[in-house]
Amino acid sequence: MENTNVRLRVANVNDAEIVADLARKTFYESFAPHNTEENMRMYMEEQFTREMQMAEVGAPGRTFILAYVGDELAGFASLRVTSEKPRGLEGEKAIEIVQVYSEQRMIGKGIGPALMQACLDFAREQGYDWVWLGVWEHNLRAHTFYTKWGFERFGEHLFIVGLDPQTDWWMRKKL
């Protein structure tokens, strides 16, 4: 991994547009090669709109962390407090890591590790005992990344992209 100076900061409502644009861009770049054009179009227009993404920034229980290399926005992570946890975490003090994305050209420059460390630090500071996330069963790069960070698979759920039902694995880590 290249040693890059990554600067992190928590996003606020004034960052909603840049977060939304980066979320949509990185999701599309990551998953368009593995889905039909029609399913991606449907997902982006119905379930992952710019307006929906903007509304998440600053919403209660949501935290977004931005990663910069120099002055360039390189990636982001988001966490969500939810009362509906997957089976295996019921009754636990757990927070969900919803997204950890970096620009494709920034992969391998330390963005992901910096964001993951920030998510874990945030969860600990907020008094959580567990972090959990969902990851597409075919995203081997992400499985490897999360496993290196000590996450273990503990279940799965359906994630619909357009008309395509896909399986996401639940992964968790004890803090």
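Look above for the structure.
All of these numbers come straight from a predicted model, not from anything done at the bench.

Describing the overall build of the protein
Point 1. Along its length, the protein carries five helices and seven strands.
Point 2. Counting from the amino terminus, helix and strand elements in the protein follow one another as β-α-α-α-β-β-β-α-β-α-β-β.
Point 3. Its C-alpha radius of gyration of 16 Å places the protein within 12% of the 16 Å reference for a compact globule of 175 residues.
Point 4. With respect to the three principal axes, the spread of C-alpha positions in the protein is 40 × 40 × 35 Å.
Point 5. Every one of the 175 residues in the protein was classed for burial, and the buried ones make up 47%.
Point 6. Accessible surface for the protein amounts to roughly 9,200 Å². Of this, 49% is attributable to carbon and sulfur atoms.

Digging into the packing of aromatic side chains
Point 1. Under the counting rule described, the total for this entry stands at twelve aromatic pairs.
Point 2. When the ring centre of Tyr 68 is taken as origin, the NZ or CZ atom of Arg 7, which lies over that ring, is 4.6 Å away.
Point 3. Between Arg 153 and the ring centre of Trp 169, over which it is positioned, the NZ or CZ distance is 4.1 Å.

Here we look at the pairing of strand β3 (residues 72-80)
Point 1. Counting buried positions along β3 yields seven of nine residues, so the element is predominantly enclosed.
Point 2. Between strand β2 (residues 62-69) and β3, which pair antiparallel one after the other, the connecting turn spans two residues, and Gly 70 there sits at a positive phi close to 65 degrees.
Point 3. In the sheet, β3 pairs with strand β4 (residues 94-102) via six bridges, with the strands oriented antiparallel. Across the sheet, the residue bridging to Ser 78 is Gln 99, located in β4.

Topic: the nonpolar core
Point 1. Ile 97, Met 116, Tyr 146 and Phe 151 are the most contacted members of the largest nonpolar core, which totals 29 residues.
Point 2. Elements with a contribution of two residues or more to this core: β2, β3, β4, α4 (111-125), β5 (130-136), α5 (140-148) and β7 (164-174).
Point 3. Considering each element in turn, this core owes the most residues, nine residues, to α4.
Point 4. Beyond its immediate stretch of four places on either side in the chain, Met 116 contacts Ile 97, Val 100, Phe 145, Tyr 146, Trp 149 and Phe 151.
Point 5. In this structure, Leu 22, Phe 31, Phe 64 and Val 161 belong to the second largest nonpolar core, which totals 20 residues.

What counts and how
Every residue gets a number counted from 1 within its own chain, in the order that chain's sequence is written. Reporting in this predicted model follows two pLDDT cut-offs: at least 70 for local features of residues, and 80 or more for side-chain atom pairs to be given and counted; totals over whole chains, interfaces and linings ignore these cut-offs and use all residues. To get the side-chain values, take all heavy atoms of the structure and skip hydrogens and water. Runs of H or I in DSSP of at least four residues are treated as helices and runs of E of at least two as strands, each being numbered from the N terminus. This radius of gyration counts C-alpha atoms alone. The globule rule is 2.2 Å times how many residues there are, raised to the power 0.38. Burial here depends on accessible area, computed with a 1.4 Å probe over protein chains only, as a share of the maximum for the residue type. Under 20% is buried, over 50% is exposed, and the range in between is partly exposed. All accessible-area figures derive from a Shrake-Rupley calculation using a 1.4 Å probe, and residue coverage is judged against the displayed protein chains alone. What counts as a ring pair is set by centres within 6.5 Å for rings of Phe, Tyr and Trp (its six-membered ring), and what kind of pair is set by the plane angle: stacked under 30 degrees, edge-to-face over 60, tilted for all other angles. Here, over-ring charges are defined by two tests on the NZ atom of lysine or the CZ atom of arginine: distance to the ring centre within 6 Å, and angle to the ring normal within 35 degrees. Any two strands with at least two DSSP-identified bridges between them are counted as paired. Take the buried residues of types Ala, Val, Leu, Ile, Met, Phe, Trp, Tyr and Cys, join any two whose side-chain atoms come within 4.5 Å, and each joined set is a nonpolar core. The contact definition used throughout considers only heavy atoms, calling two residues in contact when any of these lie within 4.5 Å.

Read these as spatial facts, not as claims about activity.
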